[in-house]
Amino acid sequence: MRTLFAVVALAGLISLPALTLQGAQDRKDERSANREGERGKAAEYHFRPEHAEKLRQNYKHIEKVDVAHRPEYRAGGRLPDDWRKRMHPVPVAVIRELPPLPPGYAAGYFDGYCVVYDPTTLLVADVIDLAAGH
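Residues numbered from 1 in each chain as written. Predicted model: local features only at pLDDT ≥ 70, side-chain atom pairs only at ≥ 80, totals over all residues. Heavy atoms only, no water.

Enquirer: Would you explain the pattern of salt bridges in this entry?
Expert: As a working rule, side chains carrying opposite charge can pair if their charged atoms are close by. Applying the stated criterion across every chain yields a total of six salt bridges. The salt bridge involving Arg74 is made with Glu72; its shortest N-O contact spans 2.6 Å. A cluster of three or more residues bridged by salt bridges with shared partners is formed by Asp82, Arg86 and Asp111. (Salt bridge = Lys/Arg side-chain N within 4 Å of Asp/Glu carboxyl O.)

Enquirer: Mind showing me how you'd approach the pairing of strand β2 (residues 106–110) here?
Expert: Each regular strand displays side chains that alternate between the two surfaces of the sheet. Burial runs high along β2: four of the five residues are buried. Pairing geometry for strand β1 (residues 88–89) and β2, over two bridges, is antiparallel. Of the residues in β2, the one forming a bridge with Pro89 is Gly108. Where β2 meets strand β3 (residues 113–117), five bridges bridge the pair, whose relative direction is antiparallel. Within the sheet, the bridge partner assigned to Phe110 lies in β3 and is Tyr113. Counting the residues between successive antiparallel strands, the hairpin from β2 to β3 contains two residues, one of them, Asp111, with a positive phi of roughly 55°. (Buried < 20%, exposed > 50% of the residue type's maximum accessible area, 1.4 Å probe, protein only. Helix = DSSP H or I, 4+ residues; strand = E, 2+ residues; numbered from the N terminus. Pairing = 2+ DSSP bridges.)

Enquirer: Sorry if this is basic, but what is going on with the pairing of β3 here?
Expert: Of all five residues that make up β3, five are buried, and the element is covered over most of its length. Burial along β3 is two-sided: Tyr113, Val115 and Tyr117 facing one way and Cys114 and Val116 facing the other are all buried. Bridging between β3 and strand β4 (residues 124–129) involves five bridges; their strand directions are antiparallel. The partner of Cys114 across the bridge, within β4, is Ile128. Connecting β3 to the next strand, β4, in antiparallel fashion are six residues, including Leu122 with a positive phi near 70°.

Written out as structure tokens, the structure is:
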């Protein structure tokens, strides 16, 4: 009887760390799922009309953008697959003059647009068309 009790007690002690680890993993998975749900939607960000001229000053040849034949980007949309080849970062000095970017987001320029985007999910928080009217 003592042997049976010892075996059962030992089995309980051995499984306790496994249960604790599984509980921690379950909580981690839940937090990760919550973040994914939040990341499924672009963060809030809004360019102001007065930002256009300040941003425009940093990009040479903006008047050469073929406005009629470029894709259209919208807040809440996604960047195209080849975005890394075409994206130019917004200078840090200019970013300092804009409203703070959402955590994890970046600002860049391509195809005549300035976009605030999540480089991980490729979600676009906001877009301002710098080439329109040129």
